[in-house]
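Listed here are the chains, written in short residue letters.
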Amino acid sequence: MSDWRRYTEIPRIAYFSMEIGLMTEIPTYSGGLGILAGDTIRSAADLKLPLVAVTLISRKGYFRQTFNAEGWQQESSVDWKPEDLLELLPGKALVTIENRDVKVQAWMYQVKSPTGGELPVLFLDTDIPGNLPEDRKITDHLYGGGEDYRLKQEIVLGIGGARLLQILGFQLRKYHLNEGHASLLTLELLNNHHRPVEDTWDEHDSWDTSWVRSVCIFTTHTPVEAGHDRFPYDLVERIMGDVIPLKLLKELGGEDELNMTTLALNMSHFVNGVAKKHGDVSQALFPGFEVHAITNGIHPFTWASPYLITLYDKYLPGWANEPELLVRVDNIPDQEIYDAHAGAKAYLFQYIEEKTGTRLDPEVLTIGFARRATAYKRANMIFTDPQRLLKIGAGKLQLVFSGKAHPHDDYGKEMILQILQQADFFGDKLKIVYLPNYDMELASRLIPGVDVWLNNPLRPLEASGTSGMKAALNGVPNFSVLDGWWIEGHIEGVTGWSIGPPPTETTATVNNSDEDVKDLYKKLEETIIPLYYNDRAGWIKLTKNAIGKNAYYFNTHVMMRRYVTEAYLQ
Ligand SMILES: *Cc1c(COP(=O)(O)O)cnc(C)c1O
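Residues numbered from 1 in each chain as written. Predicted model: local features only at pLDDT ≥ 70, side-chain atom pairs only at ≥ 80, totals over all residues. Heavy atoms only, no water.

Engineer: Could you give me a rundown of the layout of surface pockets, with the residues and numbers involved?
Structural biologist: If you add up the space inside the second largest pocket, you get close to 400 Å³. Around the second largest pocket sit 18 residues that line it, and Tyr338, His341, Asp451, Tyr532 and Arg536 are the ones nearest its centre. Looking at the lining of the second largest pocket, the elements with two or more residues in it are α13 (334-356), α19 (513-534) and α20 (536-551). Sort the elements by how many residues they give to the lining of the second largest pocket and α13 lands first, with six residues. (1 Å grid on protein atoms, 1.4 Å probe; cavity = no way out; pocket = protein on both sides within 12 Å on 5 of 7 lines; lining within 4 Å. Points joined across faces, edges and corners; volume = space filled by probe spheres on them. Helix = DSSP H or I, 4+ residues; strand = E, 2+ residues; numbered from the N terminus.)

This is how it looks when you write it as structure tokens:
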């Protein structure tokens with residue numbers, strides 16, 4: 001097939017992520033974190049950045065979502081065949097788990113850009129003859145199992161990944177930790193490069209962390225303390241053993257338990273949150289560390305619908321590798337942009353009819369909402385007052401939902417159930433559909449095909465959010481709570497609309513639900529519905545602003561150039 005050795009010829013940045021969303025057929029992602037990783041890698045390839053990405057193979061994927069007759073989410077594993085899409089590389093690393101040697105191998109996928117740029121993604125795998133049956137399952141389920149399973153996965157990712165890169169001969173200049181899951185990598189680096197001579201092993205003064213710090217970059221994605229991975233030290237001792245002296249590990253990773261975020265913070269020279277606000281929130285969470293902010297993005301070509309791609313190619317040639325050109329969107333004639341959106345809408349409605357039997361009306365204002373079904377995202381908020389919604393929206397609104405709840409998240413499943421019940425209650429008066437099994441393919445059909453993209457998370461829990469950027473790129477205005485990236489992208493009535501009060505919170509203790517719901521209904525009734533039905537030119541203006549004032553900036557090309565200048569080259 002290919003010769004992976006050519007990727008070892010120049011020094012690279014190793015990008016570690018527990019999940020990576022490259023394509024629907026490689027189901028090794030669950031949501032925003034993995035999609036961001038995939039978009040990061042695609043932009044890096046377009047920009048010819050020397051990167052090598054490392055993740056887990058997740059042989060059983062995340063899960064496939066269906067619903068039973070009552071509307072309760074059912075999960076099944078996604079079996080896929082790595083050998084159909086990936087190339088097994090020679091070389092195996094050993095890691096120690098519960099005092100046993102566990103072999104780790106890597107499969108490679110090559111991301112190739114039309115610019116000629118290309119880079120390898122390594123998928124780590126323990127399903128190797130000779131490993132114990134239970135060890136062969138370590139890389140099966142993304143975010144499956146309990147604490148033990150997660151720690152084993154993090155050992156494979158961080159320590160196994162670092163060792164395999166070395167065995168394969170990669171030269172590395174920096175290590176980028178996308179979230180804390182790969183933090184154990186820093187211990188492997190410390191051990192390799194700055195392990196003192198044996199008789200001073202226990203004296204932490206003789207361990208020098210400065211070199212490791214100078215090569216590590218840490219991006220945090222979680223705005224609440226409880227969201228960070230942590231493990232009790234007795235578990236760590238039992239499963240991982242002593243990689244470095246326990247006393248030193250506690251100094252670097254936390255006194256009471258091993259906190260992967262604390263470890264990454266202590267071992268990185270550059271730390272960042274994923275939007276300006278999230279940078280502030282993280283700074284408040286981690287006093288004593290300097291936290292920067294680099295706002296997330298999306299990969300433009302991946303997330304533009306075929307209808308928009310045709311238009312952008314015609315009027316803004318070069319846009320895919322230079323998305324700043326989208327700023328000239330006003331060169332596209334109104335009618336053509338209107339028709340492109342109508343095409344994307346019809347394409348979505350056809351899918352909806354095939355999947356659910358429901359026929360939506362292409363003339364009716366259609367609101368989309370799709371993301372992981374978890375409490376803070378408040379998918380059911382629009383149903384707080386069903387009578388009010390009916391009064392505002394009967395005959396004038398349609399709603400399309402999608403999103404998976406984590407298998408252990410009963411509250412998330414309850415939210416989905418409520419939406420399905422509301423769909424029955426509203427019936428034909430206000431059509432509501434819930435599309436099962438949200439994945440990359442569905443997202444790329446759903447988001448461009450609706451008229452407004454709704455997002456109403458509990459502040460400040462949406463660290464960035466990226467689906468709204470996909471909407472903007474397709475000329476779909478955002479209607480969203482002022483949180484994450486939208487604080488930076490929002491100009492009221494110009495790029496879309498806010499929901500609720502301006503952002504002030506740096507913790508999740510304030511709950512603006514009542515205010516948010518009131519504002520949501522009021523703007524729908526007084527602003528959004530009238531504009532959609534009575535002022536087509538005004539609506540098209542908004543569509544163009546979403547592209548020219550949001551999408552030109554909120555993309556992974558801009559984001560990666562910032563990582564290069566602010567982190568990788570520092
Ligand atoms: C973009 C995307 C996400 C992330 O959406 P958010 O709005 O940031 O939560 C999750 N899942 C899929 C399949 C996506 O395409």
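Engineer: Outline the site of the ligand, listing residues and values.
Structural biologist: Close to the ligand lie 14 residues, the nearest being Lys377, Gly465, Thr466, Ser467 and Lys470. Within the contact set of the ligand, an oxygen atom lies 2.8 Å away from a side-chain nitrogen or oxygen of Lys377. Between the ligand and Thr466, the relevant distance is 2.7 Å, taken from an oxygen atom to a main-chain nitrogen or oxygen of the residue. Against a free-state accessible area of 390 Å², the protein chains account for coverage of 96% of the ligand. Listed by contribution, the elements that provide at least two residues to the shell around the ligand are α1 (32-46), α16 (440-449) and α17 (467-473). Of the residues in the shell around the ligand, the class split is five nonpolar, five polar and four charged. Each of domain 1 (3-196 + 213-268) and domain 2 (300-554) accounts for three or more of the residues forming the shell around the ligand. (Near = heavy atom within 4 Å. Polar contact = N/O pair within 3.5 Å; in protein donor to acceptor, adjacent residues only side chain to side chain. Areas by Shrake-Rupley, 256 points an atom, 1.4 Å probe, with all protein chains shown as cover. Nonpolar A, V, L, I, M, F, W, Y, C, P; charged D, E, K, R; others polar. Domains from an automatic or database assignment.)

Engineer: Residue-level account of α20, with values.
Structural biologist: Given a rise of 1.5 Å per residue, 16 residues ought to cover 22 Å, and the 21 Å separating the end C-alpha atoms of α20 matches this to within 8%. Within the sequence span of α20, burial applies to Trp539, Ile540, Leu542, Thr543, Lys544, Asn545, Ala546, Ile547, Gly548, Asn550 and Ala551. (Expected span 1.5 Å × (residues − 1). Buried < 20%, exposed > 50% of the residue type's maximum accessible area, 1.4 Å probe, protein only.)

Engineer: Residue-level account of the environment of Phe554, with values.
Structural biologist: Secondary-structure assignment places Phe554 in the loop between α20 and α21 (556-568). For Phe554 and Thr466, which are 88 residues apart along the polypeptide, the C-alpha to C-alpha distance reads 8.8 Å. Contacts of Phe554, omitting those with residues within four sequence positions, involve Thr295, Asn296, Gly297, Ile298, Met469, Trp485, Glu488 and Gly489. (Contact = heavy atoms within 4.5 Å.)

Engineer: Give a description of the pairing of strand β8 (residues 118-125) that names residues and reports values.
Structural biologist: Note on strand geometry: in a regular strand, side chains alternate between the two faces of the sheet. Along β8, seven of the eight residues are buried, which leaves the element largely enclosed by surrounding structure. Pairing geometry for strand β2 (residues 51-56) and β8, over four bridges, is parallel. Residue Leu56 lies in a different strand from β8, and its bridge partner there is Leu124. Of the strand pairs in this sheet, strand β7 (residues 100-112) and β8 are connected by eight bridges, and their pairing is antiparallel. Paired with Trp107 across the bridge in β8 is Phe123. With antiparallel pairing between neighbouring strands as the criterion, β7 and β8 make up a hairpin whose turn holds five residues, including Gly116 at a positive phi of roughly 100°. (Pairing = 2+ DSSP bridges.)

Engineer: Would you mind going over the domain arrangement of the protein in detail, with residue names and values included?
Structural biologist: Many analyses report the size of an interface as the accessible area lost when the parts associate. In terms of domains, the protein is made up of domain 1 (3-196 + 213-268) and domain 2 (300-554). Using C-alpha coordinates to define each centre, domain 1 is positioned 32 Å away from domain 2. Taken together, the contact between domain 1 and domain 2 spans 28 residues of the former and 28 residues of the latter. In total, domain 1 and domain 2 occlude about 2400 Å² of area from one another, counting both sides; carbon and sulfur atoms represent 58% of this. The tally of links between domain 1 and domain 2 comes to one salt bridge. The partner of Lys413 in a salt bridge is Glu75, and the shortest N-O contact between them spans 2.8 Å. Our count for the domain 1 to domain 2 interface comes out at ten residue pairs in polar contact (both at pLDDT 80 or more). Of all the secondary-structure elements, those providing two or more residues to the side of domain 1 that touches domain 2 are α1, β3 (64-67) and β4 (73-76). The biggest single contributor to the side of domain 1 that touches domain 2 is α1, with four residues. (Buried area = accessible area lost by both parts, 1.4 Å probe. Salt bridge = Lys/Arg side-chain N within 4 Å of Asp/Glu carboxyl O.)

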